[in-house]
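If you want the building blocks of each chain, they are given just below.
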Amino acid sequence: MARTKLLARLIAPLAIVTLSVGVAAGAGAAPDKAPAQTKGTLVIGNISNATGTTSLPSAEHFKVLQAWAKDVNSRGGINGYKVVVKTADDKADPAKASEAIKKLIEDDHAIAIVGQYAGGTASVWQPIADSAGVPIIGGGCYDSTQNADQNFYCVTTTAILDGLLAQAKLAADEGGKKFGITYDSSQPQAAAAAPLMKTASTKYGLQFTDGLGVSNTQPDYTATCVTFKQSGTTDVGIEGAPQLPNLARDCSRQGYSPKWTSGDGQISQNSWLKDPNIKEAIAAIYSFPYLDTSIPATKRFNSVMKKYAPTVLKSDQKQPATTTWTAAIAFEKAAAKLTAPNPTAADVTAALNTFNNETLDGLAPNPITFTAGQPHAHNSCWFTMVLKNHKLTEPNGMKTTCTPAT
Amino acid sequence: MQDFLPFIVIGLTAGSVYGLAGTGLVLTYKTSGVFNFAYGAIAAVAAYVFYWLHVQEGVSWQLAALLCLVVLGPVMGLVLELLTRMLSEVGTQYQIVGMIGLTLGIAGVLTLWGNSWSDPGQYVQFPDFLPTETFTVFDVNVGYNQLITMLIALVSAVGLYLFFRWSRLGVGMRAVVDNPDLVNISGTNPLRVRRWAWVIGTTFAAMSGLLLGPTIGLSVTLLILLVVQAFGAAAVGYFSNLPLTYVGGLLIGIAAALSTKYINDITWLGGLPPSIPFIVLFVALLVTPRRLLALRRSPPPPPPHASYRAPARVNLLAAAVLVAVLLFIPDLVGVKLAAWTVALLYVILFLSLGLLVRTSGQVSLAQLGLAAVGAAAFGHLVSDHHVPWLPAVLLAGLIAVPIGAIIAIPAIRLSGVFLALATLGFGIMLEQMFYTQDIMFGPTSAGVHATRPSIGQSDRGYYYVVLAAAVLCSIFVVALTRGRLGRLLRALSDSPLALDTQGTTINLTRLLVFCISAFLAGIFGALYGGFVGSINGTSFPAFNSLTILALVVLVLGGAPWYAITAAAAFQLIPAYVTATDINTYLQILFGFAVIGVGLQARHPASVPVPLQRLLDRLGGRRPEAPAAPAGPVVAVVPEPLPAAVTAGDGGLEIVDLTVRYGGLVAVDGLSLGAPLGRITGLIGPNGAGKTTTFNACSGLVRPTRGRILLHDHDITRAGAAARARRGLGRTFQKSELWPSLTVEENVALGREAAMAGGNVFHQLTARPGDGEVVHESVDHAIALTGIDALRERQAARLTSGERRLVELARSLAGSFDVILLDEPSSGLDPTETERFGGVLQHVVAERGIGLLLVEHDMALVMEVCEHIYVMDFGRPLFDGSPEEVRASELVQAAYLGSDEVEAVVAAEPAGSL
């Protein structure tokens, strides 16, 4: 019996990969026959914390960019330029981050850093990219210092106060009355959320109940659950990714199942999807929903992933993957404006600074404008995703909701 | 009340988890004498094996659990028994670090194993195999699985309590820790008992793993951290009392639940509920009476091993070459410059920890917390207060000093495992509660902004700044370890008791080294901040202090070489080996290697002999003379030193001394005098109370009644060091030399310890003229005792007879005018003993000092003593001249055993003789 299961475990992934490739091939992905590339090569770099301390990015993350590059190159490149993707895992280690960015810029001659997921080490690597004049396009926009940098081109929702406002508004829009949050007290950013969220929820007519500090190492969250239950909290925000399955289990035991609200893509984690105790969760997501196939741009994402990186859409990265993809599309748009035989980082920066109400084929949360020498505006619109009955849906499709810019 | 009661119920259910883990910890400690830091890791092994069998391989949960509890638990127990038995020979520090190494190693292996089932970092649900239906108590739904855990914890605590109290095996398990030899004599095989103890302990850990797994999911890190939280419960039960440990777990659970409910409006206290176990741990260790925290098994002395120290010239040359190479690194390593910069930074951190661990023999698991304090302080100073860079770096170090002083409080009260636990609790508490406060890094990931100096704005420039800092810190630490404080610290590491009784206030020494260590850690934090740019708490995870500690024990060499090696291993290996899981592999390597180092501690790796010879030749050091036979005692009668005694001093006087240990009266109404210019004997059969009397005189035991007078001053309440500084010296029945120091250093400290005394500045460095006084005293004492040929020899390499002579020389070098000699002739042959007696008479005649001699060699006593006191059963029996003692039938009977003696002792009023 055990042996049969073992065999099944070995065969199943192969079957899935084969099937996925087959489906993707028939789903209208780009033709394999590529027109000849006539110009030079565009090397782009990505720096991410793929194997460090945080769980959201992982090695799957790099596959998104590589799949995009394969797709682009299979179409003859961008405006005749072949795209080469170089990736670097900084392991959340500042020394590695410094080494990685220098290698990308000095050795690999990357002309842009695209879809970074290394906010924790940004204070080390970003100044190096800045001083080299290499633009940073997209990726996680979580850090206020990072977002204030004019060399950083955020193309998804600016997830600082905007993210918290988005969560509160979404909770209110979805019928919530009383809002509370639970946060990992040892994690910076999460710890800041309680007072900010109090203001945000009041702004959208919600009554703020409790802000409860927790730790991922707690054996029991019942006290947290009962506190929320006693205060009649209808929506509980999750900040700093506490182990929601454990929290939901203890709350479920108390007959308490609030709507779990979060920002960004953790709602798509497989552990949330399968968990019998997570009855309903809503999320203001900062890049387009991976489920969407309503417009050509999202169809392209899905077909390329299925063709070149099928494991991404089954992993916990399936929603964060769209942040990376959006960054890649932003680069694609900028690169389409390049004409020099060997474009430089300065050329890419100049091209980015021509973005004027750029929608990225509908993938951007709001039209984006970059002007040289001007601070970049926050992107304060966001998409919506709902988890109900262990199924993810996108109730508003590609329609975004906006909160006033901060 | 309706809102309140549910939280009591919640606290009880959550607290049972701490109680369960805490009970297991105490069980192992109680039965093995070894605090099992690896308890969480062992529980995790069982959880992972269960998961693999049940979820991955489809084995039923009953069979999987049975295999874990009946096969895996006992097998792990037998392996651990063997491991800890071997580690028990090498000192507490290696035991602690060995178990921490085991934790790191197991955690690394399980991480790799877990990665084969799921993506790294992904949440993996652990199967909840117990019934999850609920019942309601005060509006709280309690799961039957929780109830089962509660009952198992309760039954275990009570059952094990009864087992230890009433069953033969249980009593044997306790006894085998206290006195294995006695257990053996009573017909019980101590090895068998110890194996049973470990089998039960690890099976309990395995059960904990299976019961705790469902609460937090399959994660080795979380399981280990969960068990660390249970340390608080164990501390409430002072690591010994099982029911109290269970109660402690419940109290922690209730406190955490209530604080969740009632403090949620106070934002800055958001970190309190999850920090409560660590606060309880730290506070419990601070306030629990020391007698309750007595080590279950006395720590063995540090391994006496010969260590090699290269000649100064070679060290200097090597350092110059290394610095020269490091100057060219920016041109050689390209993009890896950052890794080299961070490695140099870590040299400073390892130096700071090395001062504690390697030099003074203390353990700290809060070093990254201190670094975080320095980093945060630096950030605030440069960003908020615009303090210039250099003063800000130095101030950051100074701001970390008071925190170091707080950590030193448990160091003053506790040692070994309890100090390790207290510092671990403090470090985690700091991280949980304060890292995200505005006073430190603030609540956002942007943290605080740190700057670089104007000459170090570029990475290349900052590398040179850090290199300069690392060189300066290295010079500082080398100077410190080679100076007076270094000698004091090494002596403190070898025998704090001897240092205390030679006149150094050792609590001040401990405080001082913790403060200096904190200063260096703060400097590291500040410079690290400058490297990173903007810093937050994620740069200083408290738990990484375990790896740092393991590394600092693992590497070889003296300061600064160990720090350089450790920093290179920690930072440069991962920089150059690019395997995905290199950090996990290194964790496994460091973890298991540190166990190997512990097992080899009595025969540590050292520089190969041919290389030693080469280095000695290069350094101009002459080969050591072959071991000479013990030189003639009083080979040269040196010029007498100025008399230590001034006219009118009265020597030592004991008045009506009584010492009780609980119900046992060790000394009962003893009065005696040991005036100056006389050798006074104190004799009696074994157990008569002679050593207790000495301990009471030198301040190591508090008298129940009576007074101790030195030169007519009442010193009954003075500490041991203060008595030594007033002129009371002593030797010990069981030699208390400092084995890592040379003979000359041992003898010199006999004088220098009192000079250092209780003054911060005098402990740090010698005053002008001190060196000359010490030198003269050493020469004189060495000449008197005839040990000149042994001067350069490390004390660890001496024979027992030589040790006696060195200990005497150390006392003679001190500025003591009354010296208590506790069986000083044991280990000497008859000829040496005779000469030894001559030395004593010579010293008394020359200096006019007083000696009080406890000795079993009656020939020596009768030869040298002018007056003799006889004790038996703790009470004075007789006193008189040697002739009178020799003629006394009472004394003869005492030695031969007689009913008459007991009758006399019982009849005489205390102190009447």
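Residues numbered from 1 in each chain as written. Chains lettered and ligands numbered in written order. Predicted model: local features only at pLDDT ≥ 70, side-chain atom pairs only at ≥ 80, totals over all residues.

Of regular secondary structure, chain B possesses 35 helices and 14 strands. The C-alpha radius of gyration computed for chain B amounts to 30 Å, which stays within 12% of the reference 29 Å derived for 913 residues, consistent with globular compactness. Across the 913 residues of chain B, 56% fall into the buried class. In chain B, the share of contacts with a sequence separation of at least 24, taken over all contacts with a separation of at least 6, comes to 79%. (Helix = DSSP H or I, 4+ residues; strand = E, 2+ residues; numbered from the N terminus. Rg over C-alpha atoms; globule rule 2.2 N^0.38 Å. Buried ≥ 20, exposed ≤ 12 C-beta atoms within 10 Å, placed from the backbone. Contact = placed C-beta atoms within 7 Å.)

The next point concerns the overall build of chain A. In terms of regular secondary structure, chain A is built from 13 helices and 13 strands. Across the 406 residues in chain A, those meeting the buried criterion constitute 60%. Of the contacts made within chain A by residues no fewer than 6 positions apart, 70% connect residues no fewer than 24 positions apart.

The next thing to look at is helix H8 (residues 190–216) of chain B. Since there are 3.6 residues in each turn of an α-helix, residues three or four apart along the chain are aligned in direction. Residue and element names in this part refer to chain B. In this model, H8 (27 residues) spans 38 Å end to end at C-alpha, consistent with the 39 Å of a helix rising 1.5 Å per residue. Within H8, the axis deviates most sharply at Leu210, by approximately 25°, and proline Pro214 lies no more than four positions further along. Taken across its 27 residues, H8 has 22 buried, putting it largely inside the fold. Within two residues after H8, Gly217 carries a phi angle of roughly 90°, on the positive side. (Expected span 1.5 Å × (residues − 1). Bend = angle between axes of the 7 residues up to and from the residue.)

Once that is clear, we can look at the packing of helix H13 (residues 337–359) of chain B against helix H20 (residues 506–532) of chain B. All names here are of chain B. For the pair H13 and H20, interaxial distance at closest approach is 8 Å and the crossing angle is 165°. With respect to each other, H13 and H20 are oriented roughly antiparallel. Note on packing geometry: the crossing formed by H13 with H20 is left-handed. On H20, the residues that touch Thr341, Val342, Leu345, Ile348, Leu349, Leu351, Ser352, Leu353, Leu355 and Leu356 of H13 are Val513, Phe514, Ile516, Ser517, Leu520, Ala521, Ile523, Phe524, Leu527, Tyr528 and Phe531. By residue class, the composition of the contact of H13 with H20 is 18 nonpolar, three polar and no charged. (Axes fitted to C-alpha atoms, helices over the stretch in contact; angles between N-to-C directions. Parallel < 35°, antiparallel > 145°, perpendicular 65-115°, else oblique. Left-handed = near helix turned anticlockwise from the far one by under 90°. Nonpolar A, V, L, I, M, F, W, Y, C, P; charged D, E, K, R; others polar.)

Our next topic: the pairing of strand E1 (residues 41–48) of chain A. All names here are of chain A. Taking burial as the measure, the eight residues of E1 include six buried ones, the bulk of the element. With two bridges connecting them, E1 and strand E3 (residues 112–116) associate as parallel partners. Of the residues in E3, the one forming a bridge with Ile44 is Ala112. (Pairing = 2+ DSSP bridges.)

Residue and element names in this part refer to chain B. In the predicted model, chain B carries a mean pLDDT of 85, and the fraction of residues at 70 or more is 90%. The low-confidence segment residues 643–648, where pLDDT is below 50, has eleven contacts with residues more than four positions distant or belonging to other chains. This stretch, residues 908–913, has a pLDDT under 50; its non-local contacts, to residues over four places away or in other chains, come to 13 contacts. (pLDDT = per-residue confidence, 0-100.)

A word on the sheet that holds strand E9 (residues 713–714) of chain B. All names here are of chain B. Strands sit in the order E6-E5-E8-E9 across an open sheet of four strands; the sheet is antiparallel. At either margin of the open sheet sits one strand with a lone partner, and together these are strand E6 (664–674) and E9. As defined by bridge partners, strand E5 (residues 652–661) adjoins E6 across eight bridges and the pair is classed as antiparallel. Residue Tyr661 lies in a different strand from E6, and its bridge partner there is Leu664. Strands E5, E6 and strand E8 (705–710) of the sheet are contacted by helix H25 (residues 690–697), whose axis makes an angle of about 115° with E5.

The next point concerns the interface of chain A and chain B. Contacts between chain A and chain B engage 57 residues on the former and 63 residues on the latter. When residues of the side of chain A that touches chain B are traced back to their parent elements, those giving at least two are helix H1 (2–25), helix H3 (94–107), helix H4 (122–132), helix H5 (144–147), helix H7 (190–203), strand E7 (207–214), helix H8 (222–230) and helix H9 (244–253) of chain A. In terms of residue count, the dominant contributor to the side of chain A that touches chain B is H3(A) (eight residues). In terms of residue class, the side of chain A that touches chain B is made up of 17 nonpolar, 28 polar and twelve charged.

Below, the discussion takes up helix H18 (residues 484–494) of chain B. Residue and element names in this part refer to chain B. H18 sits mainly inside the fold: ten of its eleven residues count as buried. Buried within H18 are the following residues: Arg484, Leu485, Arg487, Leu488, Leu489, Arg490, Ala491, Leu492, Ser493 and Asp494. On the buried face of H18, the contacting elements are H13, helix H17 (459–482), helix H19 (496–501), H20, helix H27 (743–756) and helix H28 (760–764).

Bringing unusual backbone geometry into the picture now. A cis amide bond links Ala559(B) with the next residue in sequence, Pro560(B), at an omega value of 0°. Tracing the backbone shows Pro560(B) in the loop between helix H21 (545–554) and helix H22 (561–576). The backbone of His109(A) sits at a positive phi, close to 60°, despite the residue not being glycine. By secondary structure assignment, the location of His109(A) is in the loop between H3 and E3. We classify His109(A) as partly exposed; it has 16 C-beta atoms within 10 Å.

On to the environment of Pro876(B). With respect to the secondary-structure elements, Pro876(B) resides in strand E14 (residues 875–880). By C-beta crowding, Pro876(B) is classed as buried, having 27 other C-beta atoms within 10 Å.

Here we come to the packing of helix H2 (residues 39–56) of chain B against helix H9 (residues 220–236) of chain B. All names here are of chain B. Running from N to C, H2 and H9 cross one another at 135°; their axes reach a closest spacing of 8 Å. Comparing their axes, H9 and H2 come out oblique. In this structure, H2 meets H9 at a crossing whose hand is right-handed. Facing H2, whose interface residues are Tyr39, Gly40, Ala41, Ala43, Ala44 and Ala47, H9 presents Val220, Leu223, Ile224, Leu226, Val227 and Val228. Taken together, the residues of the contact of H2 with H9 break down into eleven nonpolar, one polar and no charged.

Once that is clear, we can look at the sheet that holds E1(A). Residue and element names in this part refer to chain A. The parallel open sheet is built from five strands, whose spatial order is E2-E1-E3-E4-E5. On the outer flanks of this sheet lie strand E2 (82–89) and strand E5 (152–153), each paired with one strand and no other. As judged from the eight bridges shared by E1 and E2, these two strands associate in the parallel manner. By the bridge assignment for E2, Thr41 is matched with Lys82.

Residues and elements named next belong to chain B. Topologically, Val199 is positioned in helix H8. When the 19 C-beta atoms within 10 Å are taken as the criterion, Val199 is described as partly exposed. Discounting residues that sit within four places of it in the chain, Val199 has contacts with Pro74, Gly77 and Leu78.

So, about the environment of Ile348(B). Residue and element names in this part refer to chain B. For Ile348, the position within the fold is in helix H13. By the C-beta count within 10 Å, which is 30 here, Ile348 ends up buried. Spatially, the C-alpha atom of Ile348 lies 24 Å from that of Phe434, the residues being 86 residues apart in sequence. Aside from chain neighbours lying at most four places away, what touches Ile348 is Ala469, Ala470, Cys473, Leu520, Ile523 and Phe524.

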